[in-house]
Structures are given as structure tokens and as C-alpha cells.
Amino acid sequence: MAVDTQQLDKLGAFVKGQLDSYINDRAFLERQCLKNLRQYRRMYDPEVLRNIPTDKSHSYPGDTRIKVKGAVAKIMEMMFPAQDKNWSISHSPNPSIPENELQAVIEDVQATAQEGDDLDELMERKIREFAKKRAELMEAEIHDQLVDASIDYPQLCKRVSRSGFIYGIGIVRSPMVRTQMLRTWKRDDATGNLVAVPEKVRRPFAEFVRFWDFYPDLSAKTWDDQELVFERSVLMRQDVRKLADRQDFNSKAIIEYLKNNPSGNYKEKSYESELREISMTSNVSERQSRRYEVYRALGFFSGHQLRGVGVPGVDDENLADSYFVDLWFIDNVVIKARLASFGGDKPSDQYHAFIYSEDEDSGITGIVTGK
């Protein structure tokens, strides 16, 4: 599909403008989150510290840190008990099964039924047996995915819950998939014996998203009502270059941008300098050199906005429709625009939030301001 450069530039300008408004909207939450973090780290806010004489005590009570650690420990104990898993999968009282599987059950009942058997009761019992076996296999598969050491699901939940207790919100991005090698069993054609065969399979995983890197739609009334969200990534030059090798990215736009911007476009934001002060990390010279600020926009775009920009599946006959799009850009240069791989109804299908306390004062983020 030929790409209309002018239309692509127009789309880039639109999403950059939307991002700027989201950044401005989130500024008041950043100030509150910095206060929350200082309180957790047992540090006074600058305006308070200025009013404390140098010859007076600057000690800060550590109640908040103790409470957060205790809450995280408690919720982790509830989610991951030491003795056994605290979840299971079971079929419904009257399970429904796929039509092809149902046909197999019907044929089995017809072949095994004895004279005088209640066929209705026998059919329902066979269906429940099938559903029970399918639920057991599904539970084993999910359990195997959750104990995958490469994901470290308990550590992921710990980071999300700690963020929720400190700031008011913890965010996770999921589902995503990656390819892994697993063992499967196949029957050897020559001997008829079962043999172990490695097979590539796609398995789901999740990742923690820092509040500082996520820009929600604060105009939405609920988390599920968001129409568009942004996620920020700061990448090294070589990582941006690797994106050009992927089929779902616009390699030409990426390479051209890197040629024109050899030193990167990353500039430290005001809250990042305050985070460094809170964390007491040293300032490294040329910290901003050769780093690139890349944003992902996930949400709905109209057919008119996507026409001619190379998004597969957008037809001239459906310009009035809205499409759920996964779009990446640097500055106002679009480097990826594809229909989203997962979800399709709302951005919250991929960005999930643990909100410690939801009420009218905290909005969709759970971050209460004005304390």
C-alpha cells in the first residue's frame, strides 16, 4: 500500500498535539505523586523544608513507609500463599462446549448407550465430564505460565501493588506474547511410539508500567471509558535502530529520523530531576546524549485520519468508521501505525490499573490531590 507522506505528517502532528494536552493535564498529578514519594521516602517537601531552621531537627516520621511495606506484604501473602495456589478453574453447572466437540459427545453417547438409559441425563453427564477435563487442562496450562521464571509474576504483582500504595495507582501492560520452545508429544510414524518434540509456541506475558511513563485520558469518567492513552519510552540509539528491522515499523522513517537527529531528542522533564533528587542519584554528564523519547498511542482513530498512511484493513468505503490503532511516534514522526493486535474495544484491554482507593476525588487514577 502506497503511503501518503502528507497524510502521515498530518497524523503525526495530530497525535503530538494530543500528547501535549495529555502532558499538561497530568502535571497536577505529578506534583501530588512527588509529594507522595517524598512522604514514603521520609523527606519533607521543599516548601516545608525551607521553613525549618537549620539548627532544628529535620527527622521525618517513617509511618508511611512502614504502612506501605506492610500492605504490600499482606497483599502478596494473599495472592501467593506459601502452601498452595489460591485459585482454580471449574466448569459452570450447565457448560456449553464447541459444536464439533458436542458432536463427538453425541456420537459417543449413541455408541455406548444401553437400553433403558436416560439419554438426556447421559448426554448432560458426558458434557460435564468433557468440560471438567477441559477445565483441568486449562488450569494446568495457566499455572505453568504463571510460574514461568522468565516472567516472575510475583515480582510483577509486587511492583504494581507497591506503586498503587505509594501513588494511588499501579499499571500493568498485558496481554503481550512472545515465542518460547516447549515440549510436546507426537507419535513416531515408523515405530508408533510417543516421542518428545520441541515446538515453538506463543505465550502471553505482562509488564509493569511506571506511572511516570503513562499518560491516561483524564477526561474519561472511568478507566474503561478512555479513548486514547500514551506510554513513553526512553531508548538508546541502537534500540531505536532495531525497531527499523521489524516488519510492523516504518523502517524508512526511523532511519531518516536517526540520520537527521544523531544526538537524540530526549530532554529531562522537570519531575525527572526531582525524582533524581529524591532518589539521591548522581548527575551523570551527557545523560541526555544519544537517547530518544518514543511514545506509543493506543486508541481510536477515524478512517479519515488513517487513510493513506499504510494501515492495513482501512478501506475507502469505511472512512466513517473508527479503528483501534497501535501507533508509535518520535516527535511528530509516525514510525508505526497498525491495527491493535489485542483488544479492540478500549485501551484498558491492554493497560490495566490497580487503584488503591476509587472515589469522586481521585478520578480515574486513584491519585487524591490537595492533601
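Relevant structure appears above.
Please read all numbers here as calculations on a predicted model, not as lab measurements. (Residues numbered from 1 in each chain as written. Predicted model: local features only at pLDDT ≥ 70, side-chain atom pairs only at ≥ 80, totals over all residues. Heavy atoms only, no water.)

1. Things to note about the layout of surface pockets
Item 1. Each pocket or cavity is described by its volume, and for the largest pocket that value is around 1,400 Å³.
Item 2. Lining the largest pocket are 50 residues, and of these Arg173, Asp213, Glu231, Arg232 and Ser233 sit closest to its centre. (1 Å grid on protein atoms, 1.4 Å probe; cavity = no way out; pocket = protein on both sides within 12 Å on 5 of 7 lines; lining within 4 Å. Points joined across faces, edges and corners; volume = space filled by probe spheres on them.)

2. Observations regarding the nonpolar core
Item 1. Counting residues in hydrophobic clusters, the biggest one holds 51 residues, and the most contacted among them are Trp212, Phe230, Phe301, Leu306, Leu327 and Phe329.
Item 2. It is helix α1 (residues 5-40) that contributes the most residues to this core, ten residues altogether.
Item 3. Val240, Ala244, Tyr257 and Trp328 belong to the second-largest nonpolar core, a separate cluster that totals 13 residues. (Core = buried A, V, L, I, M, F, W, Y, C linked by side-chain atoms within 4.5 Å. Buried < 20%, exposed > 50% of the residue type's maximum accessible area, 1.4 Å probe, protein only. Helix = DSSP H or I, 4+ residues; strand = E, 2+ residues; numbered from the N terminus.)

3. Focus on unusual backbone geometry
Item 1. Omega for the bond connecting serine 174 with proline 175 falls within 30 degrees of zero, at 5 degrees, which places this linkage in the cis form.
Item 2. The phi dihedral of aspartate 152 falls on the positive side, at around 55 degrees, and the residue is not glycine.
Item 3. Residue classification places aspartate 152 among the partly exposed residues on the basis of a relative accessible area of 38%.
Item 4. Positive phi is not limited to glycine here, since aspartate 331 has a value of about 55 degrees.
Item 5. Position of aspartate 331 among the secondary structure elements: in the loop between β6 (322-330) and β7 (333-339).

4. Considerations on the side chain of serine 174
Item 1. By the secondary structure assignment, serine 174 is in strand β1 (residues 169-187).
Item 2. Exposure remark for serine 174: the relative accessible area of 18% places this residue in the buried category.
Item 3. The residues contacting serine 174, other than those within four sequence positions of it, are Phe205, Ala206, Asp349, Gln350, Tyr351 and His352. (Contact = heavy atoms within 4.5 Å.)

5. A look at the sheet that holds strand β8 (residues 351-355)
Item 1. The strand order across the open sheet built from three strands is β2-β1-β8, with neighbouring strands paired in antiparallel fashion. Strand pairing shows two members of the sheet lacking a second neighbour, β2 (194-209) and β8, which therefore form its edges. In this sheet, neighbouring strand axes are inclined to one another by 30 degrees on average, regardless of whether the strands run parallel or antiparallel.
Item 2. In terms of strand pairing, β1 meets β2 through 15 bridges, oriented antiparallel. Across the sheet, residue glutamine 180 finds its bridge partner in β2, namely valine 201. (Pairing = 2+ DSSP bridges. Axes fitted to C-alpha atoms, helices over the stretch in contact; angles between N-to-C directions.)

6. So, the pattern of salt bridges
Item 1. Under the definition given, this model contains 26 salt bridges.
Item 2. Salt-bridge contacts for arginine 38 lead to aspartate 45; the nearest nitrogen and oxygen are separated by 3.2 Å. Note on accessibility: arginine 38 and aspartate 45 belong to one class, buried.
Item 3. Across the pair arginine 203 and aspartate 144 runs a salt bridge, and its minimum N-O distance is 2.9 Å. One end of the pair, arginine 203, is in strand β2; the other, aspartate 144, is in helix α5 (residues 119-146), and 59 residues separate them in sequence.
Item 4. Judged by its relative accessible area of 5%, arginine 203 is buried.
Item 5. What you see here is one network of salt bridges that share partners, running through Arg210, Asp213, Arg232, Lys269, Glu272 and Glu293. (Salt bridge = Lys/Arg side-chain N within 4 Å of Asp/Glu carboxyl O.)

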